[in-house]
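Spelled out, the chains give:
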Amino acid sequence: MASGTDSGAPVVRPFPFFRAGVRTSPDAGTRPILELKGVSKYFQRDTPTLRGVDLTVQRGEFVFVTGASGAGKSTLLSLIYRKHTVDDGHIFFCGKDIARLTSRSIPFLRRNLGVVFQDFKVISHWTVFENVAVALEILAMPRRLVRARVAEALERVGLSGRGGETTENLSGGEQQRVAVARAIVTEPALILADEPTGNLDSHLAIDILTLFEEINETGTTVLFATHDHSLIAKRDHRLVSIEDGRAVEARRGLSSWPGSGLHALVG
Amino acid sequence: MASGTDSGAPVVRPFPFFRAGVRTSPDAGTRPILELKGVSKYFQRDTPTLRGVDLTVQRGEFVFVTGASGAGKSTLLSLIYRKHTVDDGHIFFCGKDIARLTSRSIPFLRRNLGVVFQDFKVISHWTVFENVAVALEILAMPRRLVRARVAEALERVGLSGRGGETTENLSGGEQQRVAVARAIVTEPALILADEPTGNLDSHLAIDILTLFEEINETGTTVLFATHDHSLIAKRDHRLVSIEDGRAVEARRGLSSWPGSGLHALVG
Amino acid sequence: MDWKSAFTRARRGLREERRLYLVAVSSLSVAFLCLAVALLFMQNLGALGERWGQSNHLSVYLADNASDTDVAQLRVVLEALPEVEQVQSVSSEQARAEFIAQSTMGEELSTLPADVFPASLEIEVASGTPVQRLESLSQRLGSFGSVAEVETYSSFFERLHSLLSAGRGLAMGLALLVSLCVLAVVGNTIRLAVARRTREIEVMKLCGATDSFVRRPFVLEGAFQGSMSAFLALLLLSAAFLVLRERADDMLTALMGMRLLFLSPLAMLGLLFGGALAGAVGSALSLRRYLVV
Amino acid sequence: MDWKSAFTRARRGLREERRLYLVAVSSLSVAFLCLAVALLFMQNLGALGERWGQSNHLSVYLADNASDTDVAQLRVVLEALPEVEQVQSVSSEQARAEFIAQSTMGEELSTLPADVFPASLEIEVASGTPVQRLESLSQRLGSFGSVAEVETYSSFFERLHSLLSAGRGLAMGLALLVSLCVLAVVGNTIRLAVARRTREIEVMKLCGATDSFVRRPFVLEGAFQGSMSAFLALLLLSAAFLVLRERADDMLTALMGMRLLFLSPLAMLGLLFGGALAGAVGSALSLRRYLVV
Ligand SMILES: Nc1ncnc2c1ncn2[C@@H]1O[C@H](COP(=O)(O)OP(=O)(O)OP(=O)(O)O)[C@@H](O)[C@H]1O
Ligand SMILES: Nc1ncnc2c1ncn2[C@@H]1O[C@H](COP(=O)(O)OP(=O)(O)OP(=O)(O)O)[C@@H](O)[C@H]1O
Ligand SMILES: [Mg+2]
Ligand SMILES: [Mg+2]
């Protein structure tokens with residue numbers, strides 16, 4: 001991550017947005033990087049997971065996304081990396097409507113994203129190195145460069161020197177950090193981190209949060225989904241909460257924290 | 001969990017310890033349920049994960065196990081449910097040395113344990129019901145009883161009425177709660193919970209913690225591995241921290257929290 | 001133990017992996033089809049050998065000057081022998097007629113005089129008579145004054161026998177080879193099927209399932225697959241057999257001197273049960289390394 | 001595009017799933033072996049048909065009263081015909097000697113007088129002469145005074161032909177059936193192999209890999225498997241062929257009138273490339289449904 005060290009100014013991404021030959025709108029540079037307009041997602045006909053989410057994320061923002069378990073945080077992120085398609089509404093990424101992408105263009109969208117999945121999605125029988133390197137191999141990066149950048153990413157997540165180990169044998173938190181390394185190694189324009197600190201102790205969680213903040217300072221936009229309130233409380237970033245399928249701006253201050261209705265369980 | 005509601009006294013477990021015909025020592029009732037003596041585990045020859053862990057857990061205790069990422073919490077628990085074997089030392093469960101169990105006896109050990117795995121280990125293409133019911137089917141419990149007990153367990157983790165859904169489609173937190181339901185549904189003598197609240201928001205985390213405490217009150221022993229300090233701080237249970245491969249009693253009070261040495265990363 | 005639950009789980013497994021098992025059964029059917037065809041070959045070759053190789057026949061050619069009383073006496077002597085089942089006397093005229101009827105050049109030879117063909121006694125020997133016995137018999141017969149020559153057809157039958165036994169050996173080798181292949185394919189297929197369900201096995205074992213609890217549904221599925229495949233192969237083979245019979249029966253009957261036989265019920269039952277057994281065993285064997293959790 | 005990386009990944013896949021691919025290749029080899037055997041049958045039947053069915057031969061039996069000049073004149077006429085390749089005259093004596101030599105009952109018939117066998121002209125017709133032409137030729141020859149009868153052997157060759165073409169049809173049908181099976185087995189095996197790696201595919205696609213990036217190593221592995229299997233099958237077949245030749249060549253040569261042929265180099269090459277192609281196509285097809293992530 002050479003670009004991270006030499007300046008705090010927005011960087012130019014090394015690979016084209018979307019498919020080669022497809023131009024983004026001319027005012028892409030000034031428009032928000034991500035715009036959700038009335039986004040709905042119905043997994044079951046009668047109970048929508050998301051209903052009319054409106055959310056605008058500017059270039060270089062750092063946004064916490066929170067909400068109760070099952071609120072729809074992961075679903076929201078999965079709509080952005082086009083694992084699922086919206087049932088209603090539009091998602092604009094750099095001014096392009098993601099819902100209108102052909103299936104041949106989806107890979108070129110995803111190359112601009114770095115995703116940390118909630119269930120890690122690391123390949124257990126690959127080594128740590130291979131798990132991180134795969135993101136670069138997809139970009140057809142030369143072998144030498146891959147080695148250098150993977151080593152750098154592993155160092156940033158505190159796993160330097162462990163590239164040769166089989167991922168299966170790592171602890172839960174170590175596997176999660178491999179997933180983080182894979183997401184940041186390509187220097188994407190937008191990072192979608194789904195609960196990237198769920199298996200980490202509070203010190204390490206703050207380390208990873210700080211890592212994302214450092215990357216954010218180089219111009220990368222970060223969406224950080226978490227329900228760790230102590231982590232959210234420690235930082236002054238924008239906070240979006242998903243409640244009843246809608247995105248609610250919940251600018252910091254846990255006193256104004258919306259109840260999840262799940263207290264009832266405790267009795 | 002009928003037994004949980006009618007009394008707080010220690011309950012008699014419905015299935016035999018170890019294999020049929022194998023008797024536990026006569027003083028099993030008074031001895032600690034779990035005793036680790038000088039337990040070591042070497043995954044790599046030169047860097048042991050655990051080196052000489054001594055730990056005694058009395059019947060009916062509730063113990064938090066904590067430690068940095070990669071400290072060896074999951075390894076410790078996996079030694080108890082005999083996924084791995086100790087390289088040195090002894091683990092006594094109800095007075096029987098686990099290391100000496102034949103492979104035919106291991107299933108009978110595991111039937112007395114309820115394990116929540118860090119990576120859930122739910123079968124994604126099974127329904128929620130099937131995932132919980134499998135633990136009872138293994139005990140050859142009649143179908144009708146299985147249905148009743150699974151429904152009860154799902155209700156306790158806040159998933160009542162969702163038994164028919166495919167587990168794959170659940171959110172991360174919901175899957176984790178399925179794993180918790182599977183661990184508690186058999187009413188085991190000892191519960192090993194490895195990070196059972198990592199994917200849950202703080203309210204739900206406390207709900208699940210409270211659930212384990214309720215079960216603990218019926219006489220079940222609980223080992224609760226977590227690095228969520230805010231959760232540990234909220235309760236007054238015994239706290240064991242794993243540091244440099246040894247178990248350290250770190251009776252509450254986060255001020256005395258031992259440093260993990262990973263701060264250096266943040267720089 | 002708890003077979004009902006195993007059945008339920010096996011049914012669930014078959015339903016969930018419907019596609020997988022469909023393709024597995026289709027590949028296995030091919031293997032079983034090969035095996036069944038080899039068995040069919042063996043069966044028919046065996047029948048052919050029985051029909052052709054066992055007709056222990058002697059021709060005693062009479063001397064031209066043999067009187068009718070000599071011949072009658074010879075007949076009595078022959079019929080008294082324990083090995084001899086039937087004696088039939090063929091005159092010169094009959095021999096000529098028979099030769100002409102059998103020959104493809106019949107018309108050209110119709111001018112042959114009857115006395116070119118010697119009269120003979122055609123002897124049926126009890127089946128199972130050892131060859132040495134036939135040889136000594138023919139030698140003793142040769143010393144009779146009224147006997148010109150004794151033909152045991154031994155060289156002809158020896159050739160036929162060696163041909164048939166070569167064919168049978170070939171078919172047997174094929175059957176053996178194919179059996180091994182069936183076992184390997186069954187094992188492989190089930191190993192692949194099991195490999196997709198390692199997670200299930202792991203979870204069950206970690207929840208305290210015994211090996212036999214885990215193994216049972218897989219063994220049932222394997223047995224089901226094996227017998228289904230064998231059944232399908234038999235179905236295909238009998239369809240092919242009926243078509244072949246319809247279209248080429250005359251030719252084959254003419255060639256072989258008998259109708260084509262289908263597999264015996266015993267062989268069919270053996271295939272079905274062998275399939276089930278191979279499936280069960282293959283499945284149990286292929287599970288072993290996944291049970292170590 | 002980026003074939004080097006695809007090769008690297010294919011090699012990694014083959015190494016990781018060594019066991020799996022070993023069993024897959026072994027099952028596939030059996031299928032290819034069946035195909036190769038069917039091809040071998042077809043090849044030999046074809047050669048047999050060429051050898052036997054095409055020997056256009058006419059026998060012109062001469063009348064008993066035909067004079068030598070008549071015969072010489074007939075010869076000249078025959079040799080002038082464009083279809084006729086060779087004319088050979090066989091006297092009564094020669095015919096008798098040949099008949100006796102061929103007959104298994106030779107000794108009994110040694111007393112046959114020579115004049116039982118008519119003298120003949122044996123004519124070799126150019127191969128490829130249509131049957132109608134032969135018929136008209138035989139009719140015209142029949143009108144000669146010195147000719148007693150013309151034998152075209154047409155009924156014999158018709159029977160042989162129908163037998164051979166039935167055999168060839170059977171072998172062809174078998175080859176077709178087996179080809180389909182090979183395709184199915186290849187597809188299934190690779191589908192199973194792919195099913196074990198769904199997670200890898202999912203992760204790569206979620207990281208922005210194009211379908212072709214994901215597909216390429218699998219296609220390479222499939223092609224490798226297919227050609228390896230075909231190669232193994234050919235190796236096995238040639239070993240079996242050599243053994244068979246060693247042990248039963250005389251018998252077979254006697255039966256068939258020619259030596260057994262092995263597959264032509266073209267057929268072998270076709271098998272190898274067909275195997276690779278089938279592997280690649282089967283793999284590409286079976287991947288489709290896993291690429292939707
Ligand atoms: N593919 C799917 N099919 C059906 N239902 C789905 C699917 N994916 C998610 N859901 C449902 O949508 C709801 C929201 O899921 P989501 O994963 O977005 O929650 P979340 O906010 O990420 O929760 P958590 O904090 O527990 O991870 C859940 O109730 C889940 O069951
Ligand atoms: N099967 C194994 N083979 C080799 N090394 C292993 C194996 N299992 C665990 N380890 C190593 O042992 C160390 C401790 O792992 P463990 O999973 O016990 O940590 P943990 O305390 O649970 O951490 P976390 O909080 O991240 O889950 C890790 O560094 C891990 O790489
Ligand atoms: Mg989620
Ligand atoms: Mg752990």
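Residue numbers restart at each chain and count upward from 1, following the sequence in its written direction. To read the labels, note that chains go from A and ligands from 1, taken in the order they are written. Local features in a predicted model are, by the rule used here, given only for residues with pLDDT of at least 70; side-chain atom pairs are given and counted only at 80 or more, and totals for whole chains, interfaces and linings are based on all residues. The basis for every side-chain value is the complete set of heavy atoms in the structure, and neither hydrogens nor water enter the calculation.

K.L.:
Before we move on, could you go through the packing of aromatic side chains and cite the residues and values that matter?
P.N.:
Ring geometry is summarised as follows: Phe, Tyr and Trp rings, the Trp one being its six-membered ring, pair when their centres sit within 6.5 Å, and such pairs are stacked at plane angles under 30 degrees, edge-to-face over 60 and tilted between the two. This model, assessed by the stated rule, comprises 12 aromatic pairs over all chains. Seen in terms of ring centroids, B:F212 and B:F224 are 5.7 Å apart; in terms of plane orientation they differ by 85°. Their pairing is edge-to-face. Taken together, the residues B:F212 in helix 7 (residues 202-217) and B:F224 in strand 8 (residues 221-225) connect sequence positions 12 residues apart. Geometrically, the ring pair formed by C:F241 and C:F262 is tilted, given 4.9 Å between the ring centres and 50° between the ring planes. Helix numbering and strand numbering both begin at the N terminus, where a helix is a DSSP run of H or I of at least 4 residues and a strand a DSSP run of E of at least 2.

K.L.:
Could you give an account of the coordination of the magnesium ion (ligand 4), naming the residues involved and the relevant values?
P.N.:
Residues and elements named next belong to chain B. Only nitrogen, oxygen and sulfur atoms within 2.8 Å of the metal, or 3.2 Å for Na, K and Ca, are treated as donors, and water is left out, so sites may look incomplete. Bound to the magnesium ion (ligand 4) are the protein donor atoms S74 (OG) and Q118 (OE1), situated 1.8 to 2.1 Å from the metal. With S74 in helix 2 (residues 73-80) and Q118 in the loop between strand 6 (113-116) and helix 4 (128-137), this pair connects stretches of sequence that are 44 residues apart. Here's how the labels work: a residue is buried when its accessible area is under 20% of the maximum for its type, exposed when over 50%, partly exposed in between, all with a 1.4 Å probe on protein chains only. Given the relative accessible area of 16%, Q118 is considered buried.

K.L.:
Which residues make up the sheet that holds strand 2 (residues 50-57) of chain B, and what are the values?
P.N.:
Residue and element names in this part refer to chain B. The pairing criterion for strands is at least two bridges between them, as found by DSSP. Reading across from one edge, 2-1-4-5 is the order of the four strands in this open sheet, with antiparallel pairing throughout. Every other strand in the sheet has two partners, leaving strand 2 and strand 5 (96-97) as the edge strands with one partner each. Note that strand 1 (residues 34-41) and strand 2 share five bridges and pair antiparallel. If you follow V39 over to strand 2, its bridge partner there is V53.

K.L.:
So, the pairing of strand 3 (residues 62-66) of chain B: which residues are in play, and what are the values?
P.N.:
Residue and element names in this part refer to chain B. In terms of burial, strand 3 is a largely internal element, five of the five residues being buried. Neither face of strand 3 is left uncovered, since the one carrying F62, F64 and T66 and the one carrying V63 and V65 both have all their residues buried. Sheet topology note: the strand 3/strand 8 ladder contains four bridges and is parallel. Residue pairing across strands places F62 opposite V222, the latter belonging to strand 8. Here four bridges tie strand 3 to strand 9 (residues 238-243), and the two strands are oriented parallel to one another.

K.L.:
I'd like a description of the sheet that holds strand 1 (residues 57-62) of chain D, backed by residues and values.
P.N.:
All names here are of chain D. Overall, antiparallel pairing links the four strands, which are arranged 2-3-1-4 in an open sheet. Strand pairing shows two members of the sheet lacking a second neighbour, strand 2 (84-90) and strand 4 (147-151), which therefore form its edges. Averaged over neighbouring strand pairs, the angle between their axes works out to 20° when direction is ignored. In the sheet, strand 1 pairs with strand 3 (residues 120-125) via five bridges, with the strands oriented antiparallel. Bridge assignment links H57 to a residue of strand 3, and that residue is E124. Pairs of residues are marked as contacts when any of their non-hydrogen atoms sit within 4.5 Å. Here an axis means a line fitted to C-alpha atoms, over the contact stretch when the element is a helix, while the angle between two N-to-C directions is reported on a 0 to 180 degree scale. Packing of helix 3 (residues 68-80) onto the sheet brings it into contact with strand 1, strand 2, strand 3 and strand 4, and relative to strand 2 it is tilted by some 165°.

K.L.:
Give a detailed account of the site of ligand 2, specifying residues and quantitative values.
P.N.:
Surrounding ligand 2, one finds 20 residues, the nearest of these being A:S171, A:G173, B:K73, B:S74 and B:T75. Only heavy atoms are used to decide nearness, and a residue is near a molecule or strand if one of them lies within 4 Å of it. Each of chains A and B places residues next to ligand 2. Under this definition, polar contacts are N or O atom pairs within 3.5 Å; protein pairs additionally need one hydrogen-donor-capable and one acceptor-capable atom, and for neighbouring residues in sequence, both atoms have to be side-chain atoms. Contact between ligand 2 and B:T49: an oxygen atom at 3.4 Å from a side-chain N or O atom of the residue. At a separation of 2.9 Å, an oxygen atom of ligand 2 approaches a polar side-chain atom of B:S69. To measure how exposed things are, a 1.4 Å probe is used in the Shrake-Rupley method; for residues, cover is taken only from the protein chains shown. Within the complex, the protein chains bury 88% of what would otherwise be the 640 Å² of accessible surface of ligand 2. Sorting the residues of the shell around ligand 2 by element identifies helix 6 (172-184) of chain A together with helix 2 of chain B as the ones contributing at least two each. Classification convention: Asp, Glu, Lys, Arg as charged; Ala, Val, Leu, Ile, Met, Phe, Trp, Tyr, Cys, Pro as nonpolar; all other residues, Gly among them, as polar. Classifying every residue of the shell around ligand 2 gives four nonpolar, 13 polar and three charged.

K.L.:
Describe in detail the coordination of the magnesium ion (ligand 3), supporting the description with residues and values.
P.N.:
Ideal geometry at a metal centre: 109.5 degrees between donors when four sit tetrahedrally, and 90 or 180 degrees when six sit octahedrally. Surrounding the magnesium ion (ligand 3) are the protein donor atoms A:S74 (OG) and A:Q118 (OE1), at 1.9 to 2.0 Å. What makes A:S74 partly exposed here is its relative accessible area of 23%.

K.L.:
So what's going on with the interface of chain D and chain A? Residues and values would help.
P.N.:
Listed by partner, the interface residues are 17 residues for chain D and 18 residues for chain A. Reported buried area values correspond to the accessible surface (1.4 Å probe) lost by two parts on association, with both partners' losses combined. Summing both sides of the interface, chain D and chain A together bury roughly 1800 Å²; the carbon and sulfur share of this comes to 61%. Together, D:R12, D:L206 and D:C207 form the three largest contributors to the area buried by chain D at its contact with chain A, with a combined 31%. For D:E202, the salt bridge is made with A:K121, and the minimal N-O distance between the two is 2.9 Å. Counting every contact that joins chain D to chain A gives five residue pairs in polar contact (both at pLDDT 80 or more). Those elements that place two or more of their residues in the side of chain D that touches chain A are helix 1 (3-16) and helix 8 (198-206) of chain D. Salt-bridge detection follows one rule: a side-chain nitrogen of Lys or Arg within 4 Å of a carboxyl oxygen of Asp or Glu.

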